[in-house]
Amino acid sequence: LWYLVLALLVQCAWIYNLGMYYQEIYLVLGMTETRQHMIMLTSAGNFLSVLAPSGGLSALAIYLADGQRKGRGFARAGRRGHHQIIARDGEQNRA
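Remember, it's a predicted structure, so these values are computed and weren't measured experimentally.

Explain the packing of helix H2 (residues 35–51) against helix H3 (residues 57–69) here, please?
How two helices pack is summed up by the angle between their axes together with the distance between the axes. At their nearest, the axes of H2 and H3 sit 7 Å apart, and the two run at 145° to each other. In this structure, the crossing between H2 and H3 has a hand that is right-handed. Between H2 and H3, the contacting residues are His37, Leu41, Thr42, Ala44, Gly45, Leu48 and Ser49 on the first element and Ser58, Ala59, Ile62, Tyr63, Asp66 and Arg69 on the second. Split by residue class, the contact of H2 with H3 holds six nonpolar, five polar and two charged.

Spelled out as structure tokens, the structure:
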């Protein structure tokens, strides 16, 4: 049972860390977003990537829809998604 609790804690830490990483990408691109909202977007994006694995592009739909809902347009959200894919590919190429 203790290993399940440990796995849950590690997963929560991973999602939190990824949410903060994406929040930093938003800040670099001149967009501000709350920590809680970024963690929720990250969770939804990871869930969608598990359901429809496509190299991170399926999660891009979450960010595009959120950007459109907040009036940011597809270009800014798409650029953020592009940075996400480049960062993810860079991490995989180092392994």
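Could you clarify how one ought to interpret the packing of aromatic side chains in this entry?
The geometry of an aromatic ring pair is captured by the separation of the ring centres together with the interplanar angle, meaning the angle of the planes. Enumeration according to the criterion identifies three aromatic pairs in this entry. With a centroid separation of 6.1 Å and 85° between ring planes, the pair formed by Trp2 and Tyr3 is classed as edge-to-face. Judged on exposure class, the residue Trp2 and its partner Tyr3 are both exposed. Put simply, the rings of Tyr21, Tyr22 and Tyr63 touch in pairs and so form one group of aromatic residues.

Would you explain the pattern of salt bridges in this entry?
Where charged atoms of side chains with opposite charge meet at close range, the side chains can pair. Taken as a whole and judged by the stated rule, the model has one salt bridge. Arg69 is the partner of Asp66 in a salt bridge, and the nearest nitrogen-oxygen pair spans 3.2 Å. Of this pair, Asp66 and Arg69 both sit in helix H3, three residues apart, which is roughly one turn of that helix. According to the relative accessible area criterion, Asp66 is buried, its value standing at 2%. Using a relative accessible area of 60% as the deciding quantity, one classes Arg69 as exposed.

Rules and cut-offs
Residues numbered from 1 in each chain as written. Predicted model: local features only at pLDDT ≥ 70, side-chain atom pairs only at ≥ 80, totals over all residues. Heavy atoms only, no water. Axes fitted to C-alpha atoms, helices over the stretch in contact; angles between N-to-C directions. Helix = DSSP H or I, 4+ residues; strand = E, 2+ residues; numbered from the N terminus. Left-handed = near helix turned anticlockwise from the far one by under 90°. Contact = heavy atoms within 4.5 Å. Nonpolar A, V, L, I, M, F, W, Y, C, P; charged D, E, K, R; others polar. Phe/Tyr/Trp six-rings, centres within 6.5 Å; stacked < 30°, edge-to-face > 60°. Buried < 20%, exposed > 50% of the residue type's maximum accessible area, 1.4 Å probe, protein only. Salt bridge = Lys/Arg side-chain N within 4 Å of Asp/Glu carboxyl O.

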